[in-house]
Amino acid sequence: MRATWVVSQQRAALTPPSSTTLSVHALMTAFHPDALVTRQMPTNATTGAGEEEAHDLWRSAEAKYEQKRWAEQSEKALYQDVAFKRYQASVDKALAKFESVAEWADFRSFLTRRLSALQGCSAEFRVRPTKLVVAKRLSQCLNPALPSGVHTRALEVYMYIFTAIGVDGLRRDLQVWTPGLLPFFPHAATSVRPLVLDIYERFYLPLHTDLRPKTRALLLSLDRGVDAETSEFFDRVITLLDRLAASVQWPFFIRTMWKVMIASPTVRLSAFHYLARRMPKIEEPRELDVPLLGCAISHALRDQALLVRRQALDFLVTRVALDTPVFEQVPDKIRLLDAALDTVLRRDISLNPRLFSGLVGSDESDAAQQTYFETHARSHVAHVLLSAMQ
């Protein structure tokens, strides 16, 4: 009886109560748990300031926890329905074909069967049976060694699933579908990359702050798309990063960017390409997490790639100059200047003018340069040199 009721409620829309003074517990009890598994977006009956307050209440951590718990309960009940069991059997039958895959043509046949099985009861059910196995098989079909035709078909299956489960379904199962998809973009062929970007734009960005757990993985994926300024996808990826920063909020985005630069040398050049174009004027250093910023620049200045060291010095001179409040808040100034002075040992003629400009300022007057150096740089440089000689 319970499973039959769940199926009958698959298309029902949920409407939270209009009162804006309800507690989180009262708001939660206004929803039946079995209906949440297929809910796309809650319909809010309030208006004006009340609507915004109710929205904030719904997006609270407790509300999200209750939503997920109820969705899991209703999904378990749905597995007892006869029609859903037939749907699951057809999906399992299509998945079994993967065991006989021997060459790339077999992958396309498998994906075609998989898509047909998913479309069988898509209008009636929004729950994907055996989703862990499905996600695993799809990630295997995105192996860079396979041809782009297989990749295209796999991405089409991803798009169909994300469309079927909706934003709330992806939010709940973000850890299921994302690990096999995000690492693919750096290895995707030119003809396939637009499809990956479409998926990011259509399905991931609407998650907003719920996307924070995957922001670092998204940056590692997308930064490889801006490593070359002449790339045909450069402007589109830059725009996508802008939208990602707006979705997860800029302070969180930039802190994650520093962490990525510290841990992943391969994306440092791409990160500087983005920061050079989008880094706003630093008016409130606290939003940047200055300790992480200093650590990221220090690591970049010691990078083995010449282009990365050049970009790091340019960023240091223009954004973290010695006379700025940002540099004053760097907790380990000596380490940062030590990394900057270390570029002299690289014996590269393109690095020395950048370092000189950072130490004496941008004024062309000899007197102004002398004053700048004595005021802002001399004590720090002397400390670095004395430490190096000990």
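Our subject is the structure listed above.
Residues numbered from 1 in each chain as written. Predicted model: local features only at pLDDT ≥ 70, side-chain atom pairs only at ≥ 80, totals over all residues. Heavy atoms only, no water.

(A) Local environment of the overall build of the protein chain. For the protein chain, the count of helices and strands is 20 helices and zero strands. Taken over 390 residues, the protein chain has a buried fraction of 48%. Residue pairs in contact within the protein chain that sit at least 24 positions apart in sequence constitute 73% of those at least 6 positions apart. When the accessible surface of the protein chain is totalled, it reaches about 18,900 Å², and 53% of it is carbon and sulfur. (Helix = DSSP H or I, 4+ residues; strand = E, 2+ residues; numbered from the N terminus. Buried < 20%, exposed > 50% of the residue type's maximum accessible area, 1.4 Å probe, protein only. Contact = heavy atoms within 4.5 Å. Areas by Shrake-Rupley, 256 points an atom, 1.4 Å probe, with all protein chains shown as cover.)

(B) Looking closely at empty space enclosed by the protein. On inspection of all chains with the given rule, the structure shows one cavity of 30 Å³ or more. For the largest cavity, the calculated volume is near 40 Å³. Every residue lining the largest cavity is listed: Tyr200, Tyr204, Leu205, Leu211, Leu218, Leu222, Leu240 and Leu244. Listing elements by their share of the lining of the largest cavity, those giving two or more residues are helix H10 (193-204), helix H11 (215-222) and helix H12 (234-248). Of the residues assigned to the lining of the largest cavity, the class counts are eight nonpolar, no polar and no charged. (1 Å grid on protein atoms, 1.4 Å probe; cavity = no way out; pocket = protein on both sides within 12 Å on 5 of 7 lines; lining within 4 Å. Points joined across faces, edges and corners; volume = space filled by probe spheres on them. Nonpolar A, V, L, I, M, F, W, Y, C, P; charged D, E, K, R; others polar.)

(C) How the structure looks around unusual backbone geometry. Located in the positive-phi region is His208, a residue other than glycine, with phi close to 55°. Secondary-structure assignment places His208 in the loop between H10 and H11. His208 gets classed as partly exposed once you look at its relative accessible area, which sits at 47%. In this structure, Gln249 is a non-glycine residue whose phi angle is positive, near 80°.

(D) Spotlight on the packing of H11 against H12. At a closest axis distance of 11 Å, the pairing of H11 and H12 adopts a crossing angle of 170°. Considering their axes alone, H11 and H12 lie roughly antiparallel with respect to each other. Residues Thr215, Leu218, Leu219 and Leu222 of H11 pack against Val237, Leu240, Leu241, Leu244 and Val248 of H12. Taken together, the residues of the contact of H11 with H12 break down into eight nonpolar, one polar and no charged. (Axes fitted to C-alpha atoms, helices over the stretch in contact; angles between N-to-C directions. Parallel < 35°, antiparallel > 145°, perpendicular 65-115°, else oblique.)

(E) How the structure looks around the pattern of salt bridges. Within the structure shown, the criterion is met by 11 salt bridges. Between Asp210 and Arg171 there is a salt bridge whose closest N-O contact spans 2.5 Å. Note that Asp210 is positioned in the loop between H10 and H11 and Arg171 in helix H8 (residues 148-172), a separation of 39 residues in sequence. By the burial criterion, Asp210 is buried, and Arg171 matches it. Here the residues in one salt-bridge network are Asp168, Arg171 and Asp210, joined through shared partners. (Salt bridge = Lys/Arg side-chain N within 4 Å of Asp/Glu carboxyl O.)

(F) Up close: the environment of Arg224. When you line up the elements, Arg224 lands in the loop between H11 and H12. Each C-alpha atom of the pair Arg224 and Ala271 lies 9.0 Å from the other, and the pair is 47 residues apart in sequence. Among all residues touching Arg224, those that are not within four sequence positions of it are Pro186, Thr266, Val267 and Ser270.

(G) Geometry of the packing of H10 against H12. It is the contact of H10 with H12, at a shortest axis distance of 11 Å, that shows an interaxial angle of 15°. Considering their axes alone, H10 and H12 lie roughly parallel with respect to each other. The handedness of the crossing between H10 and H12 comes out as left-handed. Along the contact surface, H10 presents Pro194, Leu197, Asp198, Tyr200 and Glu201, while H12 presents Arg236, Val237, Leu240 and Arg243. (Left-handed = near helix turned anticlockwise from the far one by under 90°.)

(H) Expanded view of helix H16 (residues 306-319). When the terminal C-alpha atoms of H16 are compared, their 20 Å separation across 14 residues agrees well with the 20 Å that a helix rising 1.5 Å per residue should span. Within H16, burial applies to Val308, Arg309, Ala312, Leu313, Phe315 and Leu316. Summarising the axial view, the buried residues of H16 lie within an arc of 160°, below the 170-degree limit, and thus occupy one face. Contact partners of the buried residues in H16: helix H13 (250-263), helix H14 (268-278), helix H15 (290-301), helix H18 (333-341) and helix H19 (352-360). (Expected span 1.5 Å × (residues − 1). Arc of directions from axis to C-beta.)

(I) The arrangement of the packing of aromatic side chains in detail. In this structure the tally under the stated criterion is 10 aromatic pairs. For the ring pair Phe162 and Trp177, a centre distance of 6.3 Å and an interplane angle of 80° mean the geometry is edge-to-face. Remark: Trp177 occurs in helix H9 (residues 174-177) and Phe162 occurs in helix H8; sequence separation between them is 15 residues. When sorted by exposure, Phe162 lands in the same class as Trp177, which is buried. In this structure an aromatic cluster arises from ring pairing among Tyr158, Phe162, Trp177, Phe185, Tyr200, Phe203 and Tyr204. It is Arg212 that lies over the ring of Phe252; its NZ or CZ is 4.6 Å from the centre. (Phe/Tyr/Trp six-rings, centres within 6.5 Å; stacked < 30°, edge-to-face > 60°. Lys NZ or Arg CZ within 6 Å of the ring centre and 35° of its normal.)

(J) Region of the structure containing the nonpolar core. Counting 98 residues, the largest nonpolar core has Phe162, Trp177, Tyr200 and Trp258 as the members making the most contacts within it. When residues of this core are assigned to their parent elements, the largest contribution, 11 residues, is made by H8. Dropping the residues within four chain positions of it, Phe162 is found in contact with Leu170, Trp177, Leu181, Ile199, Phe203 and Tyr204. (Core = buried A, V, L, I, M, F, W, Y, C linked by side-chain atoms within 4.5 Å.)

(K) Spatial organisation of H19. Looking only at H19, the buried set comprises Leu355, Gly358, Leu359 and Val360. If you follow the buried residues of H19, they end up packed against H16, H18 and helix H20 (366-389). Following H19 by one or two positions, Gly361 has its phi on the positive side, about 85°.

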